[in-house]
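Here are the chains, one letter per residue:
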Amino acid sequence: MKFFNFHLMPYADVDLDAIKKNGTAWISFSNSNFDPLKGAKLYNRYLDELEYSDQLGFDGVVVNEHHQTAYGLMPVPAVLAGALSRSVKKGKIGVLGRALPLVNNPLTIAEEYAILDTITEGRLIAGFVRGIGAEYHSMGINPAHSKDRFNEAHDLIIRAWTEPGPFEFVGKHYHFKYVNPWPLPYQKPHPPIWVPSQGSKDTIEWAARMKYTYCQTLSPIKSVAKVFDGYRAAAEKFGYIASPDQLAWSMSMFIAETDEKAREMAKPHIEALVNQLLSIPIQMLLPPGYTSPESLKKIAESGVVGHHKTIDNLIEEGVVIIGSPETAREKLEEFSELAGFGNILVKTQFGTMLTEMARENIEAIAREILPKFQN
Amino acid sequence: MRRKGAGKTLVFLHGAGGGSSWLPFMETLSHSYDVIVPEHPGYGASSDPDWLERVEDLAYFYLDFLKAFDLTDVHLMGLSLGGWIAAELAIRDTSCLASLILVDAAGNFVEGAESVDIFLITPEERFRAIYYDQGLALSEMKRLMTPENADTAVKNNFTTAKLAWQPRAYNPSMLKWLKRIELPTLVIWGANDRAFGPEYADSYQALIPGAEKVIIPECGHVPNVEKPEEFIAAVNDFIGRVAT
């Protein structure tokens, strides 16, 4: 199994009561709550944490992309990946990001990724996402065009990387007279592509067909297993057996000496992440057109959005692994048997967690978990 | 499409909420006019055709519609999104029209004027934003937010997003051509419209040569529902004066 330290880079100094009062940490939560002096400390400590996990033997580090929110401070993830590209010496650098439909010229993404891949001599993992619904509010992109724009932007970027330029790209949303980016990616034919999703059937099938690594995020382990089964079934339909390398589980892990201590220490931070930083009203999360009317109706009826969760819920459902080293090893063994993933994206820092605690957690995972599970 | 009454032809283009039901103000108008209420493609029971990408497409659709039903001397009335369609239609071709009535119409943009983001609020907040009378807002919400209407509401919302998400509910290139409309035009507006504040009425009046304006006090975004008597009086007065 490969271990990645996945950072969300939250605004950890956030006033949780201010989020509660506003109802969400997204879009409408005023950036007057952001203090650049604190921001400077946060960015630097987060980059330090990612570099530290590289030094301690993680297989890679991962950043992502969200806009106009205290949930994560990486609206332009390539800047963070660029900062890491010279300091992360061994591991891969994953960007999960970029949200293709949010840009009006996806060639800039082809360029960003090619630069990162070249500087790191082929250690980039290129994420392709649609972005969550909230981004369509904050970036002013029509959610009804999201899927079309994603598909076109994907085709454009892949062709830009694999076909000699210059050539003309003709699409409905994107039309470029000249496609001829310099540089080209270091890896051939192009960097590995990862596709994170919340379990949309179309996305799973598409990723399986393209042999892209599929990444399931923030879900109970039973749903993760079901989704991964769906990927494996789709792969079979497309005539091959999916390898565990094609599946990534994104989760949070925290390890302390005992289960009780780990729970006690992690509780405020994981609950701040799930109940405050992640709290998004449904009309913000799922703007019309972002999902099909059928699935929008299903989600609205199921009431899955916006449920308050405790750390006990999250542990019980296997959304996270929090406990003693022994418990963590047992759970990971059990979950990996159940869901069959070859990559695990571990949020070692989450919510309001301070850096000392995050670094101890990185050390504990490197010491207690990696040796048993890493290939 | 619904059609009732006799007399001069009045075509009503509905707003983003859809046009699935025959409302009391339509019934009253049908006592004086031949009232035609089509439902836009992409709304309610209508199909969602591939050609439907922007409001201009609906303008051309309705020009063809008028032709297909051989409608002439039409008094074209549009509410909100329907007003936007009507204005787009009129800048292209007025040959079938006798007059234009814009009711709290979308399509325009006035910097600084009140304009709630209907996509970022809850259904209840949306009803509250649409009506001045909050009691009416809640009773309309009760009447309209039923399980039977849920599918239609999702579909209507989807089409509205497709047409109006960005730029939000207006077409910058339409505004410069509103001056082409050589047609008796009435702008009717709720004084307390929070979707498009009354500055929008001023702007439409200023952009369409010779346009008249009626502002209905203590009234929100849908005067035809909230203040039907004042609304119909304004319509009758206008059509009575301009009709040949």
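Residues numbered from 1 in each chain as written. Chains lettered and ligands numbered in written order. Predicted model: local features only at pLDDT ≥ 70, side-chain atom pairs only at ≥ 80, totals over all residues.

Enquirer: Honestly, the nonpolar core in this entry has me stumped. Any pointers?
Expert: Most often, soluble globular proteins have nonpolar side chains that are buried together. In terms of nonpolar packing, the biggest core is built from 113 residues, with Tyr231, Met253, Val320, Leu345 and Val346 of chain A touching the most fellow members. Setting aside residues no more than four positions away along its own chain, Val320 of chain A makes contact with Met251, Ser252, Met253, Ile270, Leu314 and Ile315 of chain A. One finds Phe127, Leu163, Ile188 and Ile239 of chain B within the second-largest nonpolar core, a separate group that totals 69 residues. (Core = buried A, V, L, I, M, F, W, Y, C linked by C-beta atoms within 7 Å. Buried ≥ 20, exposed ≤ 12 C-beta atoms within 10 Å, placed from the backbone. Contact = placed C-beta atoms within 7 Å.)

Enquirer: Would you take a moment to explain unusual backbone geometry for this structure?
Expert: Note: most residues except glycine have negative phi, and most peptide bonds are trans. Residues and elements named next belong to chain A. Here the bond from Gly165 into Pro166 is cis, since omega is -5°, no more than 30 degrees from zero. Looking at the secondary structure, you find Pro166 in the loop between helix 6 (146-162) and strand 5 (167-170). Following Trp182, the chain continues into Pro183 via a peptide bond in cis, with omega recorded as 0°. With respect to the secondary-structure elements, Pro183 resides in the loop between strand 6 (175-179) and strand 7 (193-197). Here the phi dihedral of Glu121 falls at roughly 50°; this positive angle occurs in a residue that is not glycine. Judged by local crowding, Glu121 falls into the exposed class, with 10 C-beta atoms found within 10 Å. (Helix = DSSP H or I, 4+ residues; strand = E, 2+ residues; numbered from the N terminus.)

Enquirer: Can you walk me through the sheet that holds strand 2 (residues 8-13) of chain B in this structure?
Expert: Two orientations exist for strands paired in a sheet by backbone hydrogen bonds: parallel and antiparallel. All names here are of chain B. Pairing is mixed in the open sheet, where seven strands are placed in the order 1-3-2-4-5-6-7. Pairing within the sheet leaves two strands with one partner each, and these edge strands are strand 1 (2-4) and strand 7 (212-216). For this sheet, the mean inter-axis angle between neighbouring strands, taken without regard to orientation, is 15°. Inspection of the sheet shows strand 1 paired to strand 3 (residues 33-37) by three bridges, in the antiparallel sense. Bridge assignment links Arg3 to a residue of strand 3, and that residue is Ile36. Each of strand 2, strand 4 (74-79) and strand 5 (97-103) touches helix 3 (residues 81-92); the most contacted strand, strand 4, lies at about 140° to it. (Pairing = 2+ DSSP bridges. Axes fitted to C-alpha atoms, helices over the stretch in contact; angles between N-to-C directions.)

Geometric descriptors of this kind do not, in isolation, establish any biological role.
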